[in-house]
Amino acid sequence: MNKTHFRKADFIAIISILLLALLISSSILFFNLGQKSDSILIFHDQQLLVELKLAPTPQVFKFSGTYGKMQVTYAKSGVSVTSSTCPDQICVIHSAIHKDGESIICIPNKVVVKYSSR
């Protein structure tokens, strides 16, 4: 019966491979997190009108068309609808959104403003 034993060189090789795999996987994860970009998705009648990439500075976006006029504002506090031609103004009263998947919906104008982090 022949027993095989790990030699010191085998142990060092296995540890080196594991460390290299850990380094590569953490680099890929860090690289992907660094590329995450926040954006606003604006839908009208369930169709994507525009995807707006958010910059570090405050931004104001105005939209008009057959669905009415709206103004969407981005600031440190998040994304909010700051004006709308809808009668009830629920979308304007809604608090700012700032997390992936949150949305503001204006039913009369058939508009959805969605925050997205990718």
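Everything below is about the structure shown above.
Model, not experiment: these values are computed from the prediction.

A.B. asks: Just checking my understanding: could you explain the pattern of salt bridges for this structure?
C.D. replies: Side chains bearing opposite charge may pair, as long as their charged atoms lie close to each other. For the coordinates displayed, the defined rule picks out one salt bridge. Across the pair Lys53 and Glu51 runs a salt bridge, and its minimum N-O distance is 3.3 Å. Classification of Glu51 by relative accessible area gives partly exposed; the value is 30%.

A.B. asks: What am I meant to see in the sheet that holds strand E4 (residues 70–75) here?
C.D. replies: Strand-to-strand pairing in sheets goes through backbone hydrogen bonds, with the strands running parallel or antiparallel. Read from one edge to the other, the open sheet built from three strands follows the order E3-E4-E5, with strand pairing classed as antiparallel. Unpaired on one side and paired on the other, strand E3 (59–63) and strand E5 (78–84) mark the two borders of the sheet. Going across the sheet, the axis of each strand differs from the next one's by a mean of 20°, ignoring polarity. Here five bridges tie E3 to E4, and the two strands are oriented antiparallel to one another. Note that in E4 the partner of Gln59 across the bridge is Tyr74.

Criteria and thresholds
Residues numbered from 1 in each chain as written. Predicted model: local features only at pLDDT ≥ 70, side-chain atom pairs only at ≥ 80, totals over all residues. Heavy atoms only, no water. Salt bridge = Lys/Arg side-chain N within 4 Å of Asp/Glu carboxyl O. Buried < 20%, exposed > 50% of the residue type's maximum accessible area, 1.4 Å probe, protein only. Pairing = 2+ DSSP bridges. Helix = DSSP H or I, 4+ residues; strand = E, 2+ residues; numbered from the N terminus. Axes fitted to C-alpha atoms, helices over the stretch in contact; angles between N-to-C directions.

Read these as spatial facts, not as claims about activity.
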